[in-house]
Amino acid sequence: NVNEVYFTSVNDILIRPLTVETMPAEINGLVYVPASVFDNTVTGVNLGMYCNQSSTNNVVTLYSLRQMLVFDLGRGITYDQHSGEQMPAKAINRNGRIYLPMKTVCDFFKLDGACYYTKYGRLVRIRNSAAWQSDAEFIKNAGASMENALREFLREQQPVEPPQVEPDNKPPVQPPEKTQVQVN
């Protein structure tokens, strides 16, 4: 079902390859994206913020020159480092990957974040003022890339079937008859 497939776009870049591990997810009615979506060293797109993940402290910190948003998975809280204000949406760990609530991050850092239905699946787009294309233009222009990514994704999801062995229609081999041999 293509409505279960989520694409991710940061500004004017469609994140590829499309994999289950990097795909956004809808959980309890909220869209969550992998924390790496906000890491410019991963996406190559500078949203004006940075991402630091500490596996030892179980904390993800998103920060800019003026703001810092902390997702403390160990304590189950999200808060503004400067004001101490707690946010209602929390980060989640899904199969060893940290996912962040898109709306919480976008609202905090004044980014545009939206989810659209397309004929290839759902598109989560996060952008700032550096994006060149409107959402409608991006969806139109990214169609071929989304189609190719979906085709590759579906091919990867196909189970590998064992090779079929053709019967040879030969009669079964009979064991040789036992004969006694006398040795002098």
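Draft legend 1. Inspection of the pattern of salt bridges at higher detail. A complete count under the given rule lists eight salt bridges for this structure. Across the pair arginine 125 and aspartate 135 runs a salt bridge, and its minimum N-O distance is 2.7 Å. You can see arginine 125 sitting in strand E13 (residues 121-127) and its partner aspartate 135 sitting in helix H3 (residues 135-141), a full 10 residues away along the chain. Owing to a relative accessible area of 1%, arginine 125 belongs among the buried residues under this scheme. Its salt-bridge partner being arginine 151, residue glutamate 147 comes within 3.6 Å of it at the nearest N-O pair. Of this pair, glutamate 147 and arginine 151 both sit in helix H4 (residues 143-157), four residues apart, which is roughly one turn of the helix. Accessibility expressed as a relative area gives 36% for glutamate 147, which makes it partly exposed. Arginine 151 gets classed as partly exposed once you look at its relative accessible area, which sits at 42%. The network of salt bridges with shared partners includes Asp12, Arg125, Arg127 and Asp135.

Draft legend 2. Here's a closer look at unusual backbone geometry. Here arginine 16 and proline 17 are connected by a cis peptide whose omega angle stands at 0 degrees. Tracing the sequence through the fold places proline 17 in the loop between strand E2 (13-14) and strand E3 (25-27). A positive phi angle, near 55 degrees, is found at asparagine 95, a position not held by glycine. You can see asparagine 95 is positioned in the loop between strand E10 (92-94) and strand E11 (97-101).

Draft legend 3. Just the sheet that holds strand E8 (residues 77-80), in detail. Spatially, the five strands line up as an open sheet ordered E5-E6-E7-E8-E9, and their pairing is antiparallel. The open sheet terminates on both sides in strands that have one partner only, identified here as strand E5 (50-54) and strand E9 (86-87). Where strand E6 (residues 59-63) and strand E7 (residues 68-72) come together, five bridges link them in antiparallel fashion. Across the sheet, the residue bridging to leucine 62 is leucine 69, located in E7.

Draft legend 4. Up close: helix H2 (residues 102-109). Among the eight residues of H2, six are classified as buried, and the element is accordingly described as predominantly covered. Regarding H2, the residues found buried are Met102, Thr104, Val105, Cys106, Phe108 and Phe109. Where H2 ends, the next residue or the one after it, lysine 110, has phi of about 60 degrees, a positive value.

Draft legend 5. Here's a closer look at the side chain of threonine 118. Within the secondary structure, threonine 118 is located in strand E12 (residues 112-118). The exposure class of threonine 118 is buried, given its relative accessible area of 13%. A distance of 3.1 Å separates the side chain of threonine 118 from the backbone nitrogen of tyrosine 120, its partner in a polar contact. A distance of 2.6 Å separates the side chain of threonine 118 from the backbone oxygen of glycine 121, its partner in a polar contact. Filtering out sequence-adjacent residues up to four positions away, threonine 118 remains in contact with Leu123, Ile139 and Met146.

Draft legend 6. Molecular detail of the sheet that holds E12. Taken together, four strands build an open sheet; the order of strands is E2-E1-E13-E12 and the sheet is mixed. Taken across any chain shown, the strands that pair with only one partner, and hence form the sheet edges, are E2 and E12. With respect to the sheet, H2 is in contact with E12 and E13, its orientation differing from that of E12 by roughly 140 degrees. Together, strand E1 (6-10), E2, E12 and E13 form the strand contacts of H4, whose direction differs from that of E1 by roughly 135 degrees.

Draft legend 7. Layout of H4. Counted at 1.5 Å a residue, the expected span for H4 with its 15 residues is 21 Å, and the 21 Å between its end C-alpha atoms agrees. Of all the positions in H4, only Gly143, Met146, Ala149, Leu150 and Phe153 are classed as buried. The arc enclosing the buried residues of H4, seen along the axis, measures out at 125 degrees, which places them on a common side. Turned more than 90 degrees away from the buried face of H4, the exposed residues are Ala144, Arg155 and Glu156. Tucked into the core, H4 has its buried residues touching E1, E2, E12, E13 and H3.

Calculation criteria
Residues numbered from 1 in each chain as written. Predicted model: local features only at pLDDT ≥ 70, side-chain atom pairs only at ≥ 80, totals over all residues. Heavy atoms only, no water. Salt bridge = Lys/Arg side-chain N within 4 Å of Asp/Glu carboxyl O. Helix = DSSP H or I, 4+ residues; strand = E, 2+ residues; numbered from the N terminus. Buried < 20%, exposed > 50% of the residue type's maximum accessible area, 1.4 Å probe, protein only. Pairing = 2+ DSSP bridges. Polar contact = N/O pair within 3.5 Å; in protein donor to acceptor, adjacent residues only side chain to side chain. Contact = heavy atoms within 4.5 Å. Axes fitted to C-alpha atoms, helices over the stretch in contact; angles between N-to-C directions. Expected span 1.5 Å × (residues − 1). Arc of directions from axis to C-beta.

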